Amino acid sequence: MEKFLTLTWLRRIVQLFMFVIMVYGSLFMSTFYSEDKFTQALPALSCAYDKQSGDYCSLIPIQHQMDHRVSGAFTGDLSVMMAILPTLITLGTFIVLMVILNKAFCGWVCPLGFFQEIIHSIGDKLGFKRYHTLSTATLKKVRPIKWLMLAFLVFIFPLLTGIGFLGHEFGDPFCRICPSRILTTLAVGDTSQLYIDNSSTGYMIFSIIADLLFGLMIAMALVIKQPFCRICPMLALQAVFKKVGLLRLVKNGSSSCEKCALCAKVCPTDIIEIQAVAEKPTNITYSDCTLCGLCVEFCPDDDVLQLQYAGFPVFKSSKEYFKKRNKDQRNWEKVVWADVAPK
């Protein structure tokens, strides 16, 4: 049988490698001390609560800076420049990394994204019914959630905490409910983050939400692709800077696009807009896109969809690749480990 390495399998290899680096990286090249991390502003959910991590995401320093630094500009404790400088440095590092890989940090690097994809594959092989796409009405309700979480849990609530309007538990509210905090710590044998904090009412509520969200994410990932990614504030923060990235998803014109719609059907975040006809080469790296490349793999027309880096195509759709990829997918779907799904 002819060996065929698909883009998806290549991405899985990269994801597994990055999972090891992000979750266990300090065992190989670093220590827990923050100055020895790669960036301290990674555009992916690698958690600082994991004491073996090789790096951690930008959302925790941003929350702390809102609480302890930026708030000082409002209370008069710090000058405006001294208050915002750390945040500017964090965002500056974030932007540099976005220039290098753009939103591929979600689709190729993020430990939580990889975990959800593995859970979904397990659910598939165990016979659970898969919901390939969400309805348009559901999408309209879900898509704004990530922007609200970014605005309130990453910026507004921590800022109000520093000013004195909210309690200390709101100083890093997203980290307190983030599933990656529980996942990455459990992955290194640390169960301390899977608990109910009864030190105060606020801490208790946050810890209960975190445990429920982690369990709900696993349950939903069995039947829906990337459930938490759809509401993740990191995806929203990436979307703000997606136009500066050198890696992009580009679409060329084709009259058959709206009839085919395969790209929209395989998209893990249900970007239905991707099937629209483009009369000229157009950057279609939408806000919910993770640059996973599935749409390019399953496009049956030559050069209609491309992953481009700095304007040069690095992976293009083709009829020949589509035939092989489609056959590979059918063979994968035939593999069933067991049928344990409730009837």
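Up top is the structure these notes are about.
Residues numbered from 1 in each chain as written. Predicted model: local features only at pLDDT ≥ 70, side-chain atom pairs only at ≥ 80, totals over all residues. Heavy atoms only, no water.

A. Representation of the overall build of the protein chain within the structure. The secondary structure content of the protein chain amounts to 15 helices and four strands. The C-alpha radius of gyration of the protein chain comes to 21 Å, within 12% of the 20 Å expected for a compact globule of 343 residues. Over its C-alpha atoms, taken along the principal directions, the protein chain stretches across nearly 65 × 45 × 45 Å. Considering the protein chain as a whole, with its 343 residues, one finds that 50% of them fall into the buried category. Residue pairs at least 24 apart in sequence account for 70% of intrachain contacts in the protein chain once pairs closer than 6 positions are excluded. (Helix = DSSP H or I, 4+ residues; strand = E, 2+ residues; numbered from the N terminus. Rg over C-alpha atoms; globule rule 2.2 N^0.38 Å. Buried < 20%, exposed > 50% of the residue type's maximum accessible area, 1.4 Å probe, protein only. Contact = heavy atoms within 4.5 Å.)

B. Here's a closer look at the pairing of strand β1 (residues 247-251). Along β1, four of the five residues are buried, which leaves the element largely enclosed by surrounding structure. As paired elements, β1 and strand β3 (residues 305-309) share five bridges and run antiparallel to each other. When the bridges of β3 are listed, Val 250 appears paired with Gln 306. Summarising the sheet, β1 and strand β2 (residues 282-283) pair through two bridges and their orientation is antiparallel. Paired with Lys 251 across the bridge in β2 is Thr 282. (Pairing = 2+ DSSP bridges.)

C. Layout of the packing of aromatic side chains. Scanning the model with the defined rule gives eight aromatic pairs in all. A centroid spacing of 5.6 Å and a plane angle of 55° characterise the contact between Phe 152 and Phe 157, whose relative ring orientation is tilted. The class for Phe 152 is partly exposed, based on a relative accessible area of 35%. Note on Phe 315 and Tyr 321: the rings are 5.2 Å apart at their centroids and 80° apart in plane angle, and the pair reads as edge-to-face. Pair check on accessibility: Phe 315 and Tyr 321 agree, each one buried. (Phe/Tyr/Trp six-rings, centres within 6.5 Å; stacked < 30°, edge-to-face > 60°.)

D. Inspection of a nonpolar patch on the surface at higher detail. On the surface, a nonpolar cluster with roughly 500 Å² of combined accessible area is contributed by Leu 5, Trp 9, Leu 10, Ile 13 and Trp 332. Here the element with the most residues in the nonpolar patch is helix α1 (residues 7-24); it accounts for three residues. Mapped onto the fold, Trp 9 is located in helix α1. For Trp 9, a relative accessible area of 44% translates into the label partly exposed. (Patch = residues over 30% accessible without salt bridge, like charges linked within 9 Å, V, L, I, M, F, W, Y side chains within 5 Å. Areas by Shrake-Rupley, 256 points an atom, 1.4 Å probe, with all protein chains shown as cover. Salt bridge = Lys/Arg side-chain N within 4 Å of Asp/Glu carboxyl O.)

E. Inspection of the packing of helix α6 (residues 111-125) against helix α10 (residues 201-221) at higher detail. Where α6 contacts α10, the axes come no closer than 8 Å and their chain directions differ by 45°. Relative to α10, the element α6 lies oblique. Note on element contacts: α10 touches α6 through Met 217, Ile 218 and Ala 221, opposite Leu 112, Phe 115, Gln 116, Ile 119 and His 120. Across the contact of α6 with α10, the residue classes tally to six nonpolar, two polar and no charged. (Axes fitted to C-alpha atoms, helices over the stretch in contact; angles between N-to-C directions. Parallel < 35°, antiparallel > 145°, perpendicular 65-115°, else oblique. Nonpolar A, V, L, I, M, F, W, Y, C, P; charged D, E, K, R; others polar.)

F. The arrangement of the pattern of salt bridges in detail. Enumeration over the complete set of coordinates arrives at twelve salt bridges. Arg 143 is paired through a salt bridge with Asp 288; the nearest N and O atoms lie 3.2 Å apart. Placement of Arg 143 in helix α7 (residues 136-163) and of Asp 288 in the loop between β2 and α14 (294-297) is noted, with a sequence separation of 145 residues between them. Linking Lys 316 and Asp 303 is a salt bridge whose minimum nitrogen-to-oxygen distance equals 3.6 Å. You can see Lys 316 sitting in strand β4 (residues 312-316) and its partner Asp 303 sitting in the loop between α14 and β3, a full 13 residues away along the chain. For Lys 316, a relative accessible area of 38% puts it in the partly exposed group. With a relative accessible area of 33%, Asp 303 lands in the partly exposed category.

G. Spatial organisation of helix α4 (residues 80-101). Between its terminal C-alpha atoms α4 stretches 32 Å, which fits the 32 Å expected from 22 residues at 1.5 Å a residue. If you look at α4, its biggest bend is around 30°, right at Pro 86. Buried residues in α4 make contact with α3 (59-75), α5 (104-109) and α11 (233-240). Where α4 ends, the next residue or the one after it, Asn 102, has phi of about 55°, a positive value. (Expected span 1.5 Å × (residues − 1). Bend = angle between axes of the 7 residues up to and from the residue.)

H. Spotlight on the nonpolar core. Formed by 72 residues in total, the largest nonpolar core has its most connected members in Leu 45, Leu 59, Phe 174, Phe 228, Leu 249, Ile 274 and Leu 305. The biggest single contributor to this core is α7, with seven residues. If near-sequence neighbours (up to four positions away) are discounted, Leu 249 is found in contact with Ile 274, Thr 282, Asn 283, Ile 284, Thr 285, Cys 289, Leu 291, Cys 295, Val 296, Leu 305, Gln 306 and Leu 307. Judged by nonpolar contacts, the second largest core, of five residues, contains Val 266, Cys 292, Leu 294 and Phe 298. (Core = buried A, V, L, I, M, F, W, Y, C linked by side-chain atoms within 4.5 Å.)

I. Structural view of the packing of α1 against α6. α6 packs onto α1 with a crossing angle of 130° between their chain directions and a minimal axis gap of 9 Å. Put simply, α1 runs oblique to α6. Of the two possible hands of crossing, α1 and α6 adopt the one that is left-handed. Mapping the contact onto sequence places Arg 11, Arg 12, Gln 15, Leu 16, Phe 19, Met 22 and Val 23 in α1 and Pro 111, Phe 114, Glu 117 and Ser 121 in α6. Looking at the contact of α1 with α6 residue by residue, the class counts come to six nonpolar, two polar and three charged. (Left-handed = near helix turned anticlockwise from the far one by under 90°.)

J. α11, seen in detail. Along α11, seven of the eight residues are buried, which leaves the element largely enclosed by surrounding structure. The set of residues buried in α11 consists of Pro 233, Met 234, Leu 235, Ala 236, Leu 237, Gln 238 and Ala 239. Those residues of α11 that are buried are in contact with α3, α4, α5, α7 and α8 (173-177).

Read these as layout, nothing more, since geometry by itself doesn't imply function.
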